[in-house]
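Fold and contact review
Here is how the chains run, residue by residue.
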Amino acid sequence: MAMKVKTFDPELINELIKNCRSKEDIFGENGLIKSLVKSVVERALESELTDHLGYDKYDPAGKNSGNSRNGAAKKTLKGEHGEVEIDVPRDRAGSFEPELIQKHQTRFDGFDEKILSLYARGMSTRDIQAQLQDLYGTDISPTLISNVTEAVMDEVKGWQSRTLDAVYPIVYMDALVVKIKENKQVINKAIYLVLGINMEGQKELLGMWVSQNEGSKFWMSVLTELKNRGVQDIFIACVDGLSGFPEAIEVVFPRTTVQLCIVHIIRTSLRYVSYKDRKGIAKDLKTIYQALTVEEAELALQAFAEKWDRHYPSISKTWSERWANIIPFFAYPPEIRRVIYTTNAIESLNMTLRKVTKNKRLFPSDEAAFKQLYLSLQQIMKKWTMPIHNWGCALNRFSIEFPDRMPIRTF
């Protein structure tokens with residue numbers, strides 16, 4: 001239930017705004033809003049000090065109590081209303097530590113979140129400075145922005161090492177390429193993402209890894225990390241032809257089926273086809289991947305080769321070479337085929353991340369790339385509230401296909 005917003009006496013509001021004649025009188029540098037913020041915060045701090053000392057201001061009970069008020073220290077806070085200078089009360093013993101405005105705090109609660117939200121959208125430090133100046137009339141140093149975003153790295157490390165579920169029915173793997181500065185050179189590095197579908201059908205990003213080169217050794221380290229974090233079984237892994245992955249998963253998760261993304265291999269097949277032939281080839285490829293059985297698909301591939309090999313021999317060759325990782329989904333009914341047919345679930349995620357990173361010409365380090373992508377992912381993952389389509393049907397089929405591997409459900 002939403003919390004009811006507190007309303008104020010209309011007569012009090014009228015009294016407050018009676019001398020306001022313009023927008024500047026309310027929201028300006030010396031306007032009503034800033035004055036209210038200053039007054040309310042200072043009054044709250046005085047109340048905190050009263051609780052700390054145990055007696056009200058000017059109360060005789062404070063005489064010879066061992067501690068007393070000792071003036072105030074000025075502090076400037078940045079926030080949504082610009083910079084506000086407040087007086088923070090002190091005590092003679094120096095033991096008063098206010099909760100509302102803590103020691104060394106220079107920004108109102110929530111202001112850091114504003115900076116992180118802008119950073120997550122791919123904005124540069126200079127853009128963030130300009131945006132906050134325009135919105136709130138406050139100057140933010142590059143160092144402050146860097147410190148705020150740098151503090152996120154501890155959160156990133158905790159997220160990357162968190163405990164995972166024991167079983168993920170489906171896992172998608174893909175990568176996006178970013179430019180990162182290393183040893184005074186700008187090089188392309190791949191950020192690998194592993195997206196899991198848990199037993200409730202919810203999408204869950206299991207982690208991010210950065211590597212200049214992929215292969216079985218790299219994927220072995222990723223999969224071993226997932227296992228160390230609690231993953232015991234993966235039913236089906238959907239990939240875009242990642243190098244070395246099938247060999248690695250065979251070692252770490254030997255019971256997992258590796259399914260090549262059909263959409264990916266179709267795109268690869270059509271890449272060098274002339275425009276006039278694209279429609280015909282796409283139609284004939286459909287007879288392969290929409291076949292009801294493996295045997296029917298093999299006959300369709302043979303028919304395709306006989307028809308098109310004279311002009312495009314590489315297409316049937318590509319499908320034949322990858323056949324072992326193309327055909328697994330033929331063993332499953334439509335409910336499961338629909339969710340393993342394509343890696344669109346993770347490709348759409350990567351597409352969103354590319355929109356964010358396009359404003360970054362390059363990242364100064366691997367850590368900077370991680371920080372940017374993690375913050376962006378937090379915004380994206382907030383929208384992952386519903387299970388994937390037809391998940392109930394797929395889960396029922398999984399319970400039939402993998403009865404001994406389904407986790408015991410507790411209700």
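Residues numbered from 1 in each chain as written. Predicted model: local features only at pLDDT ≥ 70, side-chain atom pairs only at ≥ 80, totals over all residues. Heavy atoms only, no water.

1. Describing the nonpolar core
In globular proteins that are soluble, nonpolar side chains generally tend to be buried together. Counting residues in each nonpolar core, the largest one holds 66 residues, and the members touching the most others are Met 208, Trp 319 and Phe 398. Top contributing element to this core by residue count: helix 17 (residues 366-381), with 8 residues. Non-local contacts of Phe 398, meaning those with residues more than four positions away in its chain, are made with Pro 169, Ile 170, Phe 235, Ile 236, Ile 336, Trp 391, Pro 403 and Met 406. Counting residues in each nonpolar core, the second largest holds 25 residues, with Phe 218, Val 222, Ala 248 and Val 258 among its members. (Core = buried A, V, L, I, M, F, W, Y, C linked by side-chain atoms within 4.5 Å. Buried < 20%, exposed > 50% of the residue type's maximum accessible area, 1.4 Å probe, protein only. Helix = DSSP H or I, 4+ residues; strand = E, 2+ residues; numbered from the N terminus. Contact = heavy atoms within 4.5 Å.)

2. As for the pattern of salt bridges
Side-chain pairs of opposite charge can arise where the charged atoms are in close proximity. Evaluation of the coordinates by the stated rule reveals 9 salt bridges. Between Glu 204 and Arg 162 there is a salt bridge, and its shortest N-O distance comes to 3.5 Å. Placement of the pair is Glu 204 in strand 5 (residues 203-211) and Arg 162 in the loop between helix 7 (152-160) and strand 3 (167-182), with a sequence separation of 42 residues. By relative accessible area, Glu 204 is classed as buried at 18%. As a salt-bridge pair, Lys 189 and Glu 182 come within 2.5 Å of each other at their nearest N and O atoms. Put simply, Glu 182, Lys 189 and Asp 366 are held in one network by salt bridges that share partners. (Salt bridge = Lys/Arg side-chain N within 4 Å of Asp/Glu carboxyl O.)

3. Some remarks on the sheet that holds strand 4 (residues 185-197)
The strand order across the open sheet built from 5 strands is 5-4-3-6-7, with neighbouring strands paired in mixed fashion. Every interior strand has two partners, whereas the edge strands, strand 5 and strand 7 (257-260), have only one. Adjacent strand axes in the sheet meet at a mean angle of 25° when their direction is disregarded. Bridge analysis of strand 6 (residues 233-239) against strand 7 gives 4 bridges, and the strand direction is parallel. Within strand 7, the position partnered with Val 239 by the bridge is Leu 260. (Pairing = 2+ DSSP bridges. Axes fitted to C-alpha atoms, helices over the stretch in contact; angles between N-to-C directions.)

4. Here we look at the pairing of strand 3
Of all 16 residues in strand 3, 12 are buried, a share of seventy percent or more. Note that strand 3 and strand 4 share 13 bridges and pair antiparallel. Residue pairing for strand 4: Asp 174 is matched across the bridge by Leu 193. Where strand 3 folds back on strand 4, the antiparallel hairpin that results is connected by 2 residues, among which Asn 183 adopts a positive phi of roughly 50°.

5. Things to note about the packing of helix 10 (residues 262-270) against helix 13 (residues 313-321)
It is the contact of helix 10 with helix 13, at a shortest axis distance of 9 Å, that shows an interaxial angle of 155°. Judged on the interaxial angle alone, helix 13 and helix 10 are roughly antiparallel. Handedness of the helix 10/helix 13 crossing: right-handed. Contacts between helix 10 and helix 13 involve Ile 265, Ile 266 and Ser 269 from the former and Ile 315, Thr 318 and Trp 319 from the latter. (Parallel < 35°, antiparallel > 145°, perpendicular 65-115°, else oblique. Left-handed = near helix turned anticlockwise from the far one by under 90°.)

6. Points about the packing of aromatic side chains
Using the criterion set out here, one finds 13 aromatic pairs in the structure. Ring centres of Phe 218 and Trp 219 lie 5.2 Å apart, and the angle between their planes is 70°; on these two criteria the pair is classed as edge-to-face. Assessed through its relative accessible area of 0%, Trp 219 is described here as buried. Pairing Trp 391 with Phe 398 gives two aromatic rings, centres 6.0 Å apart and planes at 50°, and the pair type is tilted. A residue is classified by how much of its surface remains accessible, and Trp 391, at 6% relative accessible area, is buried. (Phe/Tyr/Trp six-rings, centres within 6.5 Å; stacked < 30°, edge-to-face > 60°.)

7. Focus on helix 8 (residues 216-228)
Taking 1.5 Å per residue, 13 residues should reach 18 Å; helix 8 reaches 18 Å between its end C-alpha atoms and fits that length. Those residues of helix 8 lying buried are Phe 218, Trp 219, Val 222, Leu 223 and Leu 226. Buried residues of helix 8, seen end-on, are gathered within an arc of 125° and therefore sit on one face of the element. Summarising the geometry of helix 8, the exposed residues directed more than 90 degrees from the buried face are Lys 217 and Asn 228. Remark: Gly 230 follows helix 8 within two positions and exhibits a positive phi of approximately 120°. (Expected span 1.5 Å × (residues − 1). Arc of directions from axis to C-beta.)

8. Here's the deal with the environment of Ser 68
Its place among the elements puts Ser 68 in the loop between helix 3 (32-53) and strand 1 (69-79). With 14 residues separating them along the chain, Ser 68 and Gly 54 place their C-alpha atoms 9.9 Å apart.

9. A few points about the confidence of the model for the protein chain
Mean pLDDT over the protein chain: 78, with 72% of residues reaching 70 or higher. Confidence over residues 1-6 falls short of pLDDT 50; this stretch has 0 contacts with residues more than four positions distant or in other chains. (pLDDT = per-residue confidence, 0-100.)

10. So, the packing of helix 12 (residues 294-308) against helix 13
Viewed as axis vectors pointing N to C, helix 12 and helix 13 meet at an angle of 160°, and their least axial separation amounts to 8 Å. Classified by the angle their axes make, helix 12 and helix 13 are roughly antiparallel. When the axes of helix 12 and helix 13 are compared, the crossing they make is left-handed. When helix 12 is examined against helix 13, the residues Leu 301, Phe 304, Ala 305 and Trp 308 are found in contact with a partner set consisting of Pro 313, Ile 315, Ser 316, Trp 319 and Ser 320. Taken together, the residues of the contact of helix 12 with helix 13 sort by class into 7 nonpolar, 2 polar and no charged. (Nonpolar A, V, L, I, M, F, W, Y, C, P; charged D, E, K, R; others polar.)

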